[in-house]
Amino acid sequence: MELLPPFLWGMDPLFHVPLQLMICQIKKLIRIPDLDGIYRHHSHTVRTTEIMGMIQRVQRKTSSIVYALDDGTGVMQCIIWIPDEYKMIQNTSLVPGLKTFELGQVVRVTGCPGEYRGEIQLTVQPGDVSLCSDPNDETVFRLQVLNMEKVYTNAVKLPPHIRDQATFEQASQSTKSAVDKQHPTKTTLFNAIRDWVSNRKGEEFTFMELDDDPVIRDLAMTMASQKSDHPVLESSRALRLVAGAVQDLIREGSIEVRDRENMVLGARAHPEALSQVEAEVVELDRETWIQQVSKQIIELDDTSDDD
C-alpha cells in the first residue's frame, strides 16, 4: 500500500498516537529515507509505538537506563536518557516522572523507534514506562494488537477535495523533479549521490563506480556544460563536481573511506561529522582521486582511439 506524501501525514489519525505492536513487528518496520526516527507500518507513518513485555535485563548508567524487554516474539532495547541536570545525582528517584523497575517485572512502554548499530531500539521519556500488576494485562494487550492490526492494514481514506489537492501537489513535485534534471544544481547532484550510496545498503564501492553511474554522470555533465562548451573541460569539471559532492558526504559522515589507495568507499551505518583534521585528509583524497580518475579516463580514451 502506498504511503501518503509527507504534507498529508497529519491527515492520518494514527500519525498522532502510538501504534500498539509486538516487538517482532517493530523490528520489521520500514525506515523512511532521509528522516530519522520515522518509519512505516503498512501505509501508515510510525513515530511512536507501545509495547508490553517482561524486563529481561537492566543496565543503569550515568546518562541513561536501558531495559531489555521480552514479549515472547523478540527482545527490544528501551533506553531512557537522564536529563543533564540530574546526571550527577545517584538517586534516580529524584528525576521527575522517572520510576525504576526490576528484572522479571512486566511493564508497558511507549517510545520512539530509532536505529543504533543497525538495530531498532526505543527511546523512552521518563514517565512513559508503567508497571503492569494484573496477570491478564499481557493477554489483553496481545488481543488489542491483533484487533488494531485490522485497522493498520486499512489505507487512509481522504476526503475528495484533499485527495485532489494531493494529486496536484504530487504533480507539482514531479514537475520540479523534471526541472531539476534539466537544470540540476549541486544540491540535486548531492542528493542523487546520497540516494545511490543508500541503495548500496552498506556494500563497498569505488569512487570510479560511483562516477560511472549514468544518472550521476548525466547530472554532472549537464551542470558542467552550463559553465563550458569544451568537451574536455566539461568532463574535467563534471569529475570535480562528483568528487566535491562525495567529499561533502564524507565530511558529514554519511560515507567513509575504507581504502584510500584504491578509492574504496562505503556507507556509514551511523553518520557522524568529521573533525577538522579528518576533513583536511578528505580534501587531499579528493585531489588525489581526481588525478587518478582523470588518468584512467585519458588511458581509456587512448585505447579507444587505437581501436
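Above this text you will find the structure in question.
Just so we're clear, the structure is a prediction, and the values are computed from it rather than from any experiment. (Residues numbered from 1 in each chain as written. Predicted model: local features only at pLDDT ≥ 70, side-chain atom pairs only at ≥ 80, totals over all residues. Heavy atoms only, no water.)

Undergrad: Tell me about the pairing of strand 5 (residues 49-60), residues and numbers included.
TA: Where strand 1 (residues 19-20) meets strand 5, two bridges bridge the pair, whose relative direction is parallel. Note that in strand 5 the partner of Leu 19 across the bridge is Thr 49. Taken together, the six bridges between strand 5 and strand 8 (residues 106-116) define a ladder with antiparallel strand orientation. In the strand pairing of strand 8, Met 52 is matched with Arg 108. Here six bridges tie strand 5 to strand 6 (residues 64-70), and the two strands are oriented antiparallel to one another. Bridge assignment links Arg 57 to a residue of strand 6, and that residue is Ala 68. From the end of strand 5 to the start of strand 6, which pair antiparallel, there are three residues. (Pairing = 2+ DSSP bridges. Helix = DSSP H or I, 4+ residues; strand = E, 2+ residues; numbered from the N terminus.)

Undergrad: Talk me through helix 6 (residues 214-225); I want residue IDs and the actual numbers.
TA: The terminal C-alpha atoms of helix 6 lie 16 Å apart, and with 12 residues this matches the ideal 16 Å at 1.5 Å per residue to within 8%. Put simply, Asp 213 is the residue that caps the front of helix 6, since its side-chain oxygen is 3.2 Å from the backbone nitrogen of Val 215. (Expected span 1.5 Å × (residues − 1). Polar contact = N/O pair within 3.5 Å; in protein donor to acceptor, adjacent residues only side chain to side chain.)

Undergrad: An account of the pairing of strand 8 is needed here, citing residue identities and associated values.
TA: Two faces make up the sheet, and in a regular strand the side chains alternate between them. Here strand 8 pairs with strand 10 (residues 129-131) via three bridges, running antiparallel. In the sheet register, Val 107 faces strand 10, and the bridge partner there is Leu 131. In this structure, strand 8 lies alongside strand 9 (residues 119-124), joined through five bridges in antiparallel fashion. Within strand 9, the residue paired with Tyr 116 across the bridge is Glu 119. Taking the residues between adjacent antiparallel strands as the criterion, strand 8 and strand 9 are bridged by two residues, where Arg 117 takes a positive phi near 55°.

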